[in-house]
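Listed below, chain by chain, are the residues.
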Amino acid sequence: MGAAVATIGGQILSAVMAAIYLFRMKATPLSKGCFRLQQRLVKQILTLGFASFLSQFSIVLSMAATINMAVKYGAMDSVFGQAEYAQIPTAIAGIVSKFFQIIISISAGLAAGCIPIAGYNIGAKRNDRVLGLMKRLMACEAILGLAASIIFLLFPNQLMLIFGSENESIYYTQFAVWFIRGQLCLLPLACLNKGSFIFLQSLGKARESSVLSVAREFVFGVGFALLLPMIWGIYALPFFMPAADTVTFIAVAVVLLRIKKELEKPVAMKEQNEEKFIPSAEPPLTDYIITIGRAYGSGGRSVGKPLAEKLNIPYYDAALLEETAKHSGLNQKYLASMDEKSVGANGLRGNYHSRCILRWLAKGMGCVEHGKGDLDRWRSSSL
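A.B. asks: Quick question: what am I supposed to make of the overall build of the protein here?
C.D. replies: From N to C terminus, the protein includes 14 helices and 0 strands. The linear arrangement of helices and strands in the protein, starting from the amino end, is α-α-α-α-α-α-α-α-α-α-α-α-α-α. When the 383 residues of the protein are sorted by exposure, 36% land in the buried category. Considering only contacts within the protein whose residues lie at least 6 apart along the sequence, 73% involve residues at least 24 apart. Element-wise, carbon and sulfur atoms account for 64% of the exposed surface of the protein, whose accessible area totals about 23000 Å².

Below, the structure written as structure tokens:
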């Protein structure tokens, strides 16, 4: 009764906290229009969210299969078939599943935090950043899983004391240690799989994410939970999870390697069929360089082009990096990374490459004279 009340109370408290947070957001304030269904948005939400739905639903099926097998094959065991010990397998299976959910929740949180970062950089065509993010996420997932597995393998008795096992029989303690070590020994693979499912959603790979998630939780998770006890009895039940994670990780590794190759392909910075704005022969209305700092999708191009036309000054976007790379011989990724570094108190005086590139651009574009004084003026007025 107490556990049931605590569970429902926790759900209600979480819902209230989430509602308070949503209605206090400043970046995206909620209004009545936010609650109107839009077919285009609903379709996109369902496409990406279906993977998470299948994952959660299949976890329920996997848990149900585990409990049922614990009841069925526990009754066939010489010890757990006795009335006073019959509840042990189901109780242990439920407790260990809670330990697993805690670690997987942290794993899912790490991956979910990467979704907006990956989305912004994919939109900005910075696949190099997305690839770096994926590598860092996988490293964090592996470290999380490894640390958790070490704790569960070394301290199963101490962890079971949280649930009052000191008053239980020796059979309870022995089976609990066996179940914890068996089911939670390969958490690094479990965390890597979970993180991969969510990260694939952030890349728009909903189909791959859904297939892998369903395969892990339903096909392998339920399948091994039903199969292993049939062959080796109740003591084989906890090993369904390491088996499912191992098989799934092979498929996940194949998908991630393919994604890695896709992200390593060079991305054309210059958009196709885009008209380049050329200022008229009339004198410009300003001798300053105007830069627009923006997030992808905010409409910076739609503002910059009309502004350049009104002021009769040249308009340049990411295609400038491509042109600079051709003429300077420097790598385009190097130029992009240098372009986004902050400038210190001495401006560009300490960066020889930056100085040379700006002088070349200044001379080629005719924006300023090729001279130190004009270069300094350009630096101070724009950067």
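A.B. asks: Any chance you could explain the environment of serine 169 here in plain terms?
C.D. replies: Tracing the chain through its elements places serine 169 in the loop between helix H5 (156-160) and helix H6 (170-183). Note: C-alpha distance between serine 169 and glutamate 84 (85 residues apart in sequence) is 9.9 Å. Contacts of serine 169, omitting those with residues within four sequence positions, involve Tyr85 and Ile88.

A.B. asks: I'm lost on the packing of helix H8 (residues 206-232) against helix H9 (residues 240-264) in this one. Help?
C.D. replies: In helix packing, the relevant descriptors are the interaxial angle and the interaxial distance, both defined with respect to the helix axes. Taken N-terminus to C-terminus, the directions of H8 and H9 make an angle of 160°; their axes are 8 Å apart at the nearest point. For the element pair H8 / H9, the angle class is roughly antiparallel. Here the hand of the crossing between H8 and H9 comes out right-handed. Of the residues in H9, those in contact with Glu208, Leu212, Arg216, Phe220, Gly221, Phe224, Ala225 and Leu228 of H8 are Phe240, Met241, Ala243, Ala244, Asp245, Val247, Thr248, Ala251, Val252, Val255 and Arg258. Of the residues contributing to the contact of H8 with H9, the split by class is 13 nonpolar, 2 polar and 4 charged.

A.B. asks: How do you make sense of a nonpolar patch on the surface when you look at a structure like this?
C.D. replies: Together, Leu146, Ile150, Ile151, Leu153, Leu154 and Phe155 give the surface a local cluster of nonpolar side chains, amounting to about 530 Å² of exposed area. If you trace the backbone, isoleucine 150 turns up in helix H4 (residues 127-154). The exposure class of isoleucine 150 is partly exposed, given its relative accessible area of 42%.

A.B. asks: I tried to follow the pattern of salt bridges on my own but got confused; where do I start?
C.D. replies: When the charged atoms of two side chains with opposite charge come close together, those side chains can pair. Following the criterion strictly, the structure yields 7 salt bridges and no others. Notably, a salt bridge pairs glutamate 217 with arginine 216, separated by 3.6 Å at the nearest N-O pair. Across the salt bridge formed by glutamate 264 and lysine 260, the nearest N and O atoms sit 2.5 Å from each other. Taken together, the residues span about one helical turn, with glutamate 264 and lysine 260 both in helix H9 at a distance of 4 residues. Connected through salt bridges with shared partners, the residues Lys205, Glu208, Arg258 and Glu262 form a single ionic network.

A.B. asks: Help me understand the side chain of glutamate 208 in this model?
C.D. replies: Along the chain, glutamate 208 falls in helix H8. Beyond its immediate chain neighbours, meaning those up to four positions away, glutamate 208 contacts Leu200, Val255 and Arg258.

A.B. asks: What should I look at first to understand the side chain of threonine 66 in this one?
C.D. replies: Its place among the elements puts threonine 66 in helix H2 (residues 39-74). For threonine 66, the side chain forms a polar contact with the main-chain oxygen of serine 62, separated by 2.9 Å. Leave out the neighbours within four places in its chain, and threonine 66 touches Ala93, Ala225, Leu237 and Phe240.

A.B. asks: Mind showing me how you'd approach unusual backbone geometry here?
C.D. replies: A negative phi holds for most residues other than glycine; trans holds for most peptide bonds. For asparagine 312, which is not glycine, the phi torsion reads 55° and is therefore positive. Among the structural elements, asparagine 312 can be located in the loop between helix H10 (300-311) and helix H11 (319-328).

A.B. asks: What exactly am I supposed to notice about helix H3 (residues 88-123) here?
C.D. replies: Look at H3: 52 Å from first C-alpha to last across 36 residues, which is about the 52 Å you get at 1.5 Å a residue. Along H3, the sharpest kink reaches roughly 30°, centred on isoleucine 115 and followed within four residues by the proline proline 116. At the exit of H3 stands lysine 125, carrying a positive phi of roughly 60°.

Rules of the game
- Residues numbered from 1 in each chain as written.
- Predicted model: local features only at pLDDT ≥ 70, side-chain atom pairs only at ≥ 80, totals over all residues.
- Heavy atoms only, no water.
- Helix = DSSP H or I, 4+ residues; strand = E, 2+ residues; numbered from the N terminus.
- Buried < 20%, exposed > 50% of the residue type's maximum accessible area, 1.4 Å probe, protein only.
- Contact = heavy atoms within 4.5 Å.
- Areas by Shrake-Rupley, 256 points an atom, 1.4 Å probe, with all protein chains shown as cover.
- Axes fitted to C-alpha atoms, helices over the stretch in contact; angles between N-to-C directions.
- Parallel < 35°, antiparallel > 145°, perpendicular 65-115°, else oblique.
- Left-handed = near helix turned anticlockwise from the far one by under 90°.
- Nonpolar A, V, L, I, M, F, W, Y, C, P; charged D, E, K, R; others polar.
- Patch = residues over 30% accessible without salt bridge, like charges linked within 9 Å, V, L, I, M, F, W, Y side chains within 5 Å.
- Salt bridge = Lys/Arg side-chain N within 4 Å of Asp/Glu carboxyl O.
- Polar contact = N/O pair within 3.5 Å; in protein donor to acceptor, adjacent residues only side chain to side chain.
- Expected span 1.5 Å × (residues − 1).
- Bend = angle between axes of the 7 residues up to and from the residue.

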